[in-house]
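Reading the structure
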Amino acid sequence: MKSEDEKKSLAGAADEQPAAETNGESAEEKPVAPEAVEGEAGACADGAEQPATDAPEEGAEEDFFSEEQPPARKKRLRRKDMTPEQKRRRTIRDLIITGTVFGVVLLFFAICALCSWVGYSGNFDYIATVEAVEYDSPFTLVDAEESDTGYYEFVAQTEGAEFRVLQLTDVHIGAGAFSAQKDRWALEAVSYLVNSVKPDLVIVTGDIAYPVPFQAGTFNNKREAEMFATLMEQLGVYWTITFGNHDTEVYSLYDRDEIATEVYMDEKWEHCLFRFGPEDIGGAGNDIIIVKDADNSISQALVTIDSHSYTDGDYFGMAWKYDNIHQSQINWYASQMDRLANEFNGGEYVKNLVFFHIPLTEYGKYWNEYKDNGHENTANVTYVYGKAGESGEKSYPGVSDCQMFETMLTHGGQGTFCGHDHYNNFAIDVTATVEGEGGTEVTGKIRLTYGMSIDYLAYVGIAKEIEQRGGTEIKISADGSFATRQRPYQDATPEDDEWHAFV
């Protein structure tokens, strides 16, 4: 049995341990009577020991509905309120942050420049290995300054010789940090096609360069033009170009005049026939190249025209508002066809083909007529070959309807060749009636041709596509008639019976 003192000691210990278990349950699980709360309050009032903290006990549920406001954010110290020492520290911190950001940006551009140099240097090394095309042309070139017409002339050495033109378009060389591999593929495609066709003349209808930095990794459109020019000189064939919208972007390092004069008109390119053209009309590269038979009669006039770039304030091309051939250029074309007819062809218009980049509105207009007729020929449209591969079979011409097509019908025009829409490679013969001089009606026919593109870079995913890639071969006879055929990159050696004559 316990003594009276032991009983009191045990009772005191029980009073000091409120959490003691009773019948297997903890005291926390028992409901607390209001009297107990009052008792605790009273005990505190009587001087009992106060709990050290008001925080809820471990495991207690947080009160999410408390109206207590979070502590106010510390007000930012303004510079004018700082002490000199605080200003000094702030200045040092700002300089460190600015220097770090600048260093990261500088490092990024340095890496891009290094990758760009490695890439385009490697492609120039590849170009240096390209051999000249083995081809003995049946035509002799007469310099523009020595010719009767004032233009470059290809004169046949033997009567009845056929003149071969290879149209290339939308090569899209980036020559930057991000495009080295695709540039190599484009250069190889051009080399292969030129060697397959063995043309007397190559005409590139725009977009040789693609200085779009987030795809190419550079703003330098001059280097891109020089890369292509170097390749063509290695191949040893005569060539010329028309400008496209991407050749000289608004953010490019060089404008049209600079690319024309500093690259394509450089005398070191012995085979480049590009000339700036009249300075009192729109664009650069408006020119004519004459093809003659052995008797010095004119077989064809090959006209190159600058179709410009963007318009209506769409400087970056985000709204796809493309320009047109300007009326001053159309007037120049008409005047030169009149001059050739009167001075060199007994008053009859010289048959001519016109090359430019951005398609005329007639491309979409007459293809839609053919499409709306169930892809069957109409009274105005005869299908020749190819397809409208752009989404919705669309064409993307200039925003205005220029008069180039109508003027060609009344001035001996036979065909047009453009690029711009990389998946479109169709050709259609269009018959139309327009008003000629003196109000008389003139009915004629023109072949509208989209060239096959080279592009590996500009269109997302196009590097994996193959059907649209290649060139267009044009065969010109001594009498001025012509025929065309596609030269796809996947099979650039078609049989001769695949020619499509323009009748």
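Notes on the structure follow. (Residues numbered from 1 in each chain as written. Predicted model: local features only at pLDDT ≥ 70, side-chain atom pairs only at ≥ 80, totals over all residues. Heavy atoms only, no water.)

**A word on the packing of aromatic side chains**
For the coordinates displayed, the defined rule picks out 26 aromatic pairs. Ring centres of Tyr251 and Phe316 lie 6.1 Å apart, and the angle between their planes is 15 degrees; this geometry places the pair in the stacked category. Here the residue Tyr251 occupies a position in the loop between strand E5 (239-242) and helix H7 (256-264), and Phe316 occupies one in the loop between strand E7 (298-304) and helix H8 (327-344), the gap between them amounting to 65 residues. Take Phe316: its relative accessible area is 52%, and that puts it in the exposed class. (Phe/Tyr/Trp six-rings, centres within 6.5 Å; stacked < 30°, edge-to-face > 60°. Helix = DSSP H or I, 4+ residues; strand = E, 2+ residues; numbered from the N terminus. Buried < 20%, exposed > 50% of the residue type's maximum accessible area, 1.4 Å probe, protein only.)

**Re the side chain of Asp247**
Among the structural elements, Asp247 can be located in the loop between E5 and H7. Of the buried charged residues, Asp247 lacks a salt bridge, with Arg256 as the closest side chain of opposite charge at 5.8 Å. At 2.9 Å, the side chain of Asp247 and the backbone nitrogen of Ile208 are in polar contact. If we skip the residues at most four places from it in the chain, Asp247 touches Gly206, Asp207, Ile208, Ala209, Asn221 and Thr242. (Lys, Arg positive; Asp, Glu negative; His and termini not counted. Salt bridge = Lys/Arg side-chain N within 4 Å of Asp/Glu carboxyl O. Polar contact = N/O pair within 3.5 Å; in protein donor to acceptor, adjacent residues only side chain to side chain. Contact = heavy atoms within 4.5 Å.)

**A word on the sheet that holds strand E13 (residues 470-476)**
If you walk across this open sheet you meet the six strands as E5-E4-E3-E13-E14-E15, and the pairing is mixed. Only two strands of the sheet have a single partner each, and these edge strands are E5 and strand E15 (500-501). Strand direction decides the pairing type here: strand E4 (residues 201-205) and E5, joined by four bridges, are parallel. Bridge pairing links Val204 to Ile241 in E5. (Pairing = 2+ DSSP bridges.)

**Some points on the pattern of salt bridges**
According to the stated counting rule, one finds 14 salt bridges in the structure shown. Of the charged contacts, one joins Arg88 and Glu85 as a salt bridge, the two residues approaching to 2.6 Å between their closest N and O atoms. With a gap of three residues between them, Arg88 and Glu85 both fall in helix H3 (residues 84-128), about one helical turn apart. On the accessibility criterion, Arg88 (44% relative accessible area) is partly exposed. Judged by relative accessible area, which is 35%, Glu85 ranks as partly exposed.

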